[in-house]
Amino acid sequence: MIASLTSFSNRVFAVLGRMSMYRVVFLALVGLSVVALLVSMLGLVAPTPVELIVTLAVLAVACVVTDGIAHRVVRLPLRLESALITSFILVFVLRPTLEPAALGGIAIAGVVASASKYLLAWRGRHIFNPAAVGATVLTLLSVAVPALGASSWWVGTPVLAAPVILFGLAVLWRTEKVRVIALFLVVAVGVGVVRTSVQYQQAGIAVEGADLVWPVLWSSPFLFLGAFMLSEPLTLPPRRWQQLTVAALVGVLAGWPIDVGAVGLGQERALLIGNLLAFAFTFRTAVRLTLTRRRHLTPTVQELTFRTKRPLRFAPGQFLELDVPHRRPDARGTRREFSIVSAPADAPDVRVAFRDAVGAGAPQSSYKKALADVTEGSSLAVTGVWGDFLLPTSTSSPVLMVAAGIGVTPFVSQLRQARLTEQDRDVVLVYIAAEASELVYREEIEASGVPVVVFTRDEPADLAPHWRWARGVRLDADGLVRVVPDIAMRHAYISGPPRLIADLAPALERARSITTDAFSGY
């Protein structure tokens, strides 16, 4: 059963991974908006179809125009999808209307939300969720000018709960934030149930807390807030424990809103406070890198070496997100994730590697083409460092590493750091490549001294004594158990395509733990 779920999850990620995070969010919001429009025609939600269409049009114009002006002023690439995502989120957070004054307030919210991406940013990262900023400013203005309207979070209605879950799961699978948002929901609903119970008791109404769970979940905006706003990668910290901490804080504040004077500390303000905590965790991870060297490791793999002006803080096994601005980016945008090959001890140098060709005449993404044009001396922005693909804290814990092709890069960083810091770990590496010539970083892995089992079509020449070619062994779940018979005592780490992870899942389930690092190309 677990293997089937793992296989399904990895196949879903493989499909969604072909699109940018922005594209997945955009399409999910479009789908949700279509559903909202249909149920509004049936009178099942408060806004009318005309109110929804007009409000969305006003928001789209406000956000796109603001982004366009910022694009010209700061000379950054225009991200149309990002502007439209902000407008789609706000249409579910604000109160759709046809009143001129309220539409003016909605336009203000859209302008403020889009402007916050540039004014409230730190080295390429948003400090606050843009839609939450726009909604908060409008709510504050409504205290003085009530006609402008305020946030209403009308999306929190039972009729939209199922569509929000469906489209929200697509977003969370793509951003790999299912567990983080699950914790947020548990905390928010739990706190919301307690708050509602207290209110009933104060009113002299007897009610069981268990009877309130489903009404609080289906009738609150928690599902939408978690899936489409809290999950935004640019406002989350890098480590999972940090993300879970932020999720728990936002869950408490969203579940029990606090009144501050005339303004209630509702959903969007709860998120902004969580964003501040996330920024405290991450404000040192966004840096600029200068390209100092480019070299081909194999006919299909390149390595880039960068120099940082200030330290880039990361742990071996983590990845960075590199922004390469270029004209007419494809569906996946101008940013990609790269596992860090170098070790923290190599600072101030930082190395990444990637496949730049997959066959003669193979199509290249706009990002790869732009990256190929980056010359030595050019400066690029790292918008953040993320990931929990980290070895056990205890160096005495036996480890199994399974790498497919370029998926070996996080292991190179971990093995290099262990060697440079004289850590003694019990590690076995299973290394898969199409051809022996595609085994990258052989020298660095050999220097680590760990035993390596190689899976290639042809036999590699001059293998080190502690390396062996798995002649005649097919790498499936049974084959993995044959080459690593003590897998049950090891913590398993696997880095490679989602399909490989799914195929090996039955064997990996025998390990003491499983940590995966799936990728879907550039």
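Residues numbered from 1 in each chain as written. Predicted model: local features only at pLDDT ≥ 70, side-chain atom pairs only at ≥ 80, totals over all residues. Heavy atoms only, no water.

Examining the overall build of the protein chain
- If you tally the helices and strands in the protein chain, you get 17 helices and 16 strands.
- Summed over its atoms, the accessible surface of the protein chain is roughly 22,700 Å², and 61% of this surface lies on carbon and sulfur atoms. (Helix = DSSP H or I, 4+ residues; strand = E, 2+ residues; numbered from the N terminus. Areas by Shrake-Rupley, 256 points an atom, 1.4 Å probe, with all protein chains shown as cover.)

Some thoughts on empty space enclosed by the protein
- Summed over the entire model, instances satisfying the criterion amount to three cavities of 30 Å³ or more.
- Space inside the largest cavity adds up to approximately 200 Å³.
- Those elements giving two or more residues to the lining of the largest cavity turn out to be α2 (21-41), α4 (80-93), α6 (130-144) and α7 (158-175).
- Of the residues forming the lining of the largest cavity, the biggest block, four residues, is contributed by α4.
- Of the residues contributing to the lining of the largest cavity, the split by class is 10 nonpolar, six polar and two charged.
- The computed volume of the second largest cavity comes to approximately 50 Å³.
- If you go around the second largest cavity, the residues you meet are Val 155, Gly 156, Thr 157, Leu 160, Ala 161, Val 164, Trp 218, Ser 220, Pro 221, Leu 223 and Phe 224. (1 Å grid on protein atoms, 1.4 Å probe; cavity = no way out; pocket = protein on both sides within 12 Å on 5 of 7 lines; lining within 4 Å. Points joined across faces, edges and corners; volume = space filled by probe spheres on them. Nonpolar A, V, L, I, M, F, W, Y, C, P; charged D, E, K, R; others polar.)

A word on the packing of α6 against helix α12 (residues 267-282)
- Between α6 and α12, the least distance of the axes is 9 Å, while the angle of their chain directions is 125°. Accordingly, the angle class assigned to the pair α6 and α12 is oblique. Where α6 crosses over α12, the two elements pack in a sense that is left-handed. Packed against α6, whose contacting residues are Ala 132, Val 133, Ala 135, Thr 136 and Thr 139, the element α12 presents Glu 268, Arg 269, Leu 271 and Leu 272 at the interface.
- Split by residue class, the contact of α6 with α12 holds five nonpolar, two polar and two charged. (Axes fitted to C-alpha atoms, helices over the stretch in contact; angles between N-to-C directions. Parallel < 35°, antiparallel > 145°, perpendicular 65-115°, else oblique. Left-handed = near helix turned anticlockwise from the far one by under 90°. Contact = heavy atoms within 4.5 Å.)

Notes on the pattern of salt bridges
- Tallying each qualifying case throughout the model produces 17 salt bridges.
- For the salt bridge of Arg 351 with Glu 303, the shortest nitrogen-to-oxygen distance reads 3.0 Å. With Arg 351 in strand β9 (residues 349-355) and Glu 303 in strand β6 (residues 301-308), this residue pair connects regions lying 48 residues apart in the sequence.
- For the salt bridge of Glu 444 with Arg 416, the shortest nitrogen-to-oxygen distance reads 3.8 Å. Of this pair, Glu 444 sits in helix α15 (residues 442-448) while Arg 416 is found in helix α14 (residues 409-420), placing the two residues 28 residues apart along the sequence. (Salt bridge = Lys/Arg side-chain N within 4 Å of Asp/Glu carboxyl O.)

Here we look at the packing of α2 against α4
- The geometry of α2 relative to α4 is characterised by a closest axis approach of 10 Å and an angle of 35° between their N-to-C directions. For α2 against α4, the interelement crossing comes out left-handed. From α2, Tyr 22, Arg 23, Val 25, Phe 26, Leu 29, Val 30, Leu 32, Ser 33 and Ala 36 reach across to α4, where they touch Glu 81, Ser 82, Leu 84, Ile 85, Phe 88, Ile 89 and Phe 92.
- Of the residues that constitute the contact of α2 with α4, the class distribution is 12 nonpolar, two polar and two charged.

Remarks on unusual backbone geometry
- Omega for the peptide link from Ala 347 to Pro 348 comes to 10°, which places this bond in the cis form.
- When you line up the elements, Pro 348 lands in the loop between β8 (335-339) and β9.
- With phi around 55°, Glu 176 is a residue other than glycine that occupies positive phi space.
- Within the element layout of this structure, Glu 176 appears in the loop between α7 and α8 (178-202).

Here we look at the nonpolar core
- Membership of the largest hydrophobic core comes to 71 residues, with the highest contact counts inside it found for Leu 94, Phe 184, Phe 224, Phe 228, Met 229 and Leu 230.
- It is α2 that provides the largest number of residues to this core, a total of 10 residues.
- Counting 28 residues, the second-largest nonpolar core is a separate cluster that includes Val 301, Leu 415, Ile 445 and Val 454. (Core = buried A, V, L, I, M, F, W, Y, C linked by side-chain atoms within 4.5 Å. Buried < 20%, exposed > 50% of the residue type's maximum accessible area, 1.4 Å probe, protein only.)

Observations concerning the sheet that holds β9
- The six strands lie next to each other as β8-β7-β10-β5-β6-β9, forming an open sheet whose pairing is antiparallel. Only two strands of the sheet have a single partner each, and these edge strands are β8 and β9. Strand-to-strand, the axes of this sheet are offset by a mean angle of 40°, without reference to chain direction.
- Where strand β7 (residues 319-323) meets strand β10 (residues 379-386), five bridges bridge the pair, whose relative direction is antiparallel. (Pairing = 2+ DSSP bridges.)

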